[in-house]
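If you want the building blocks of each chain, they are given just below.
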Amino acid sequence: MSDTVLSSVDQGVLTLTLNRPEKLNAFTDEMHLALRAGFQRAHDDVAIRAVLLTGAGRGFSAGQDLGDRDPRRSATPPDLGYTIGTFYNPTVRLMRDLPKPVICAVNGVAAGAGANIALACDIVLAAGSARFVQSFSKIGLGPDAGGSWHLVHRLGEARAMALALTGEPLSAQMAADWGLIWKAVPDEALMVEAQALASALAAGPTLGLGLTKQLIQAAGASSFDAQLDRERDSQRIAGHSADYAEGVVAFLEKRKPLFRGR
Ligand code: LHQ
């Protein structure tokens, strides 16, 4: 595996660390493929029950590596749609469709597609010093990697529009206050807190958590009536799991449940 994304597994948590710190973890093609491979591994391996995504060094990710897409080196305009369709969209879909929790620890600046990859995670914690920047407008682009969708769904059009048009940085605390992310934590507490959360989720009822993820995602684009049916169907599946039985028996026996992810 490429060293542009480090990976390690501990107690069911796959930690993926974007690793081009000298370029604030800006994405190259190699890094895109490495990140995709990491999430594919999380899909394929039943022993992985949660993913923790973070960045090495002082930034989370500055988005696409602009040196890699230098217009001075090409006689014809680039097809950025190809880059988005080939690299960003499949990875973001994989992250969203993964039936296991994906936690993001935003350790520093998250800009452009880097910000939006963070927002595509299920639970986002950010260091107090981190900031989120929709920097696309500074280079003549619009948001990608699902950013326009997440901004509008979480913030509403007024805030989404201003952030996208101005490219003004949003502090971690403001992002939390506005509901763009789960929470901002002191810098020194970020990884401890994110790892504890990921470990707790990895020890949880994975099948039920995966169904919960699907329900919450679907609710944003669903009618109330359709969502009621979806909840019924989801509960039917969850009710057949060994972890549901274990959860109820543990409650009745007044002990901690031992979930196995099945
Ligand atoms: C970088 C980058 C970077 C290369 C910092 N690339 N080196 C999709 C399809 C295809 C093409 C285009 O894009 C997309 C999606 C996108 O992601 S578009 C948005 C691309 N990202 C940006 O426009 C952000 C550019 N970076 C910045 O605005 C700043 O670096 C931020 C605000 C992220 C951080 O600022 P500072 O903390 O002041 O750090 P810095 O600017 O000094 O950067 C540190 C180093 O990282 C520096 O390298 P150097 O060799 O001079 O030390 C930067 O050149 C490099 N770097 N972002 N995207």
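Conventions we followed
- Residues numbered from 1 in each chain as written.
- Predicted model: local features only at pLDDT ≥ 70, side-chain atom pairs only at ≥ 80, totals over all residues.
- Heavy atoms only, no water.
- Helix = DSSP H or I, 4+ residues; strand = E, 2+ residues; numbered from the N terminus.
- Rg over C-alpha atoms; globule rule 2.2 N^0.38 Å.
- Buried < 20%, exposed > 50% of the residue type's maximum accessible area, 1.4 Å probe, protein only.
- Areas by Shrake-Rupley, 256 points an atom, 1.4 Å probe, with all protein chains shown as cover.
- Domains from an automatic or database assignment.
- Contact = heavy atoms within 4.5 Å.
- Buried area = accessible area lost by both parts, 1.4 Å probe.
- Salt bridge = Lys/Arg side-chain N within 4 Å of Asp/Glu carboxyl O.
- Polar contact = N/O pair within 3.5 Å; in protein donor to acceptor, adjacent residues only side chain to side chain.
- Nonpolar A, V, L, I, M, F, W, Y, C, P; charged D, E, K, R; others polar.
- Pairing = 2+ DSSP bridges.
- Near = heavy atom within 4 Å.
- Axes fitted to C-alpha atoms, helices over the stretch in contact; angles between N-to-C directions.
- Parallel < 35°, antiparallel > 145°, perpendicular 65-115°, else oblique.
- Left-handed = near helix turned anticlockwise from the far one by under 90°.

### Some words on the overall build of the protein chain
For step 1, the next point in the chain: A count of helices and strands for the protein chain gives 10 helices and 10 strands.
For step 2, the next point in the chain: What you see for the protein chain is a C-alpha radius of gyration of 19 Å, in line with the 18 Å of a compact globule of 262 residues.
For step 3, the next point in the chain: By the burial criterion, 46% of the 262 residues in the protein chain qualify as buried.
For step 4, the next point in the chain: Of the accessible surface of the protein chain, which amounts to about 13300 Å², a share of 58% is contributed by carbon and sulfur atoms.

### A word on the domain arrangement of the protein chain
For step 1, the next point in the chain: Looking at the protein chain, the domain boundaries give domain 1 (5-202) and domain 2 (206-252).
For step 2, the next point in the chain: For domain 1 versus domain 2, the separation of C-alpha centres amounts to 27 Å.
For step 3, the next point in the chain: Contacts between the two partners involve 11 residues from domain 1 and, on the opposite side, 6 residues from domain 2.
For step 4, the next point in the chain: Note on domain 1 versus domain 2: buried area summed over both sides is about 770 Å², and carbon and sulfur give 49% of it.
For step 5, the next point in the chain: It is Arg-49, Arg-96 and Pro-99 that lose the most area in domain 1 upon contact with domain 2, and together they represent 50% of the buried surface on that side.
For step 6, the next point in the chain: In this structure, the connection of domain 1 to domain 2 is made through 1 salt bridge.
For step 7, the next point in the chain: Two residues, Asp-122 and Lys-213, come together in a salt bridge whose shortest N-O distance is 2.8 Å.
For step 8, the next point in the chain: Inspection of the region where domain 1 meets domain 2 yields 6 residue pairs in polar contact (both at pLDDT 80 or more).
For step 9, the next point in the chain: When its residues are assigned to classes, the side of domain 1 that touches domain 2 shows 6 nonpolar, 1 polar and 4 charged.

### Observations concerning the sheet that holds strand β8 (residues 131-133)
For step 1, the next point in the chain: Pairing in this open sheet of 4 strands is mixed, and the strands run β4-β6-β8-β9 from one edge to the other. Edge positions in the sheet fall to β4 (59-61) and β9 (170-171), since each of these pairs with one other strand and no more.
For step 2, the next point in the chain: Pairing between β4 and strand β6 (residues 109-111): 2 bridges, direction parallel. Bridge pairing links Gly-59 to Val-109 in β6.

### Regarding the site of the ligand
For step 1, the next point in the chain: Neighbouring the ligand are 24 residues, the closest being Arg-58, Ala-62, Gln-64, Leu-66 and Ala-113.
For step 2, the next point in the chain: Ala-62 places a main-chain nitrogen or oxygen 2.8 Å from a nitrogen atom of the ligand.
For step 3, the next point in the chain: In the environment of the ligand, an oxygen atom lies 3.0 Å from a nitrogen or oxygen atom belonging to the backbone of Ala-113.
For step 4, the next point in the chain: If you tally residues by element for the shell around the ligand, the top one is helix α2 (residues 80-97), at 4 residues.

### Some remarks on the sheet that holds strand β5 (residues 102-106)
Think of a sheet as strands paired side by side through backbone hydrogen bonds, with each pair either parallel or antiparallel.
For step 1, the next point in the chain: The strand order across the open sheet built from 6 strands is β1-β2-β3-β5-β7-β10, with neighbouring strands paired in mixed fashion. Lying at the two open borders of the sheet, with one neighbouring strand each, are β1 (5-10) and β10 (183-185). Across this sheet, the average inter-strand angle for adjacent strands is 20°, counted without regard to direction.

### As for the packing of helix α1 (residues 29-44) against α2
When two helices pack together, their arrangement is captured by the angle between the axes and the distance separating the axes.
For step 1, the next point in the chain: Across the interface, α1 lies against α2 with an axial gap of 10 Å and an inter-helix angle of 20°. Accordingly, the angle class assigned to the pair α1 and α2 is roughly parallel. By crossing handedness, the relation of α1 to α2 is classed as left-handed. Across the interface between the two elements, Asp-29, His-32, Leu-33, Leu-35, Arg-36, Phe-39, Gln-40 and His-43 from α1 touch Thr-86, Phe-87, Tyr-88, Pro-90, Thr-91, Leu-94, Met-95 and Asp-97 from α2.
For step 2, the next point in the chain: For the contact of α1 with α2, the per-class residue count stands at 8 nonpolar, 5 polar and 3 charged.

### Examining the side chain of Thr-206
For step 1, the next point in the chain: One can find Thr-206 in helix α8 (residues 206-219).
For step 2, the next point in the chain: Given the relative accessible area of 8%, Thr-206 is considered buried.
For step 3, the next point in the chain: Filtering out sequence-adjacent residues up to four positions away, Thr-206 remains in contact with Arg-49, Pro-99, Lys-100, Asp-243 and Gly-261.

### Points about the packing of helix α4 (residues 147-155) against helix α5 (residues 157-166)
For step 1, the next point in the chain: Running from N to C, α4 and α5 cross one another at 140°; their axes reach a closest spacing of 7 Å. Comparing their axes, α5 and α4 come out oblique. Where α4 approaches α5, its residues Leu-151, Val-152 and Leu-155 are matched on the opposing element by Glu-157, Arg-159, Ala-160 and Leu-163.
For step 2, the next point in the chain: Residues that form the contact of α4 with α5 fall into these classes: 5 nonpolar, no polar and 2 charged.

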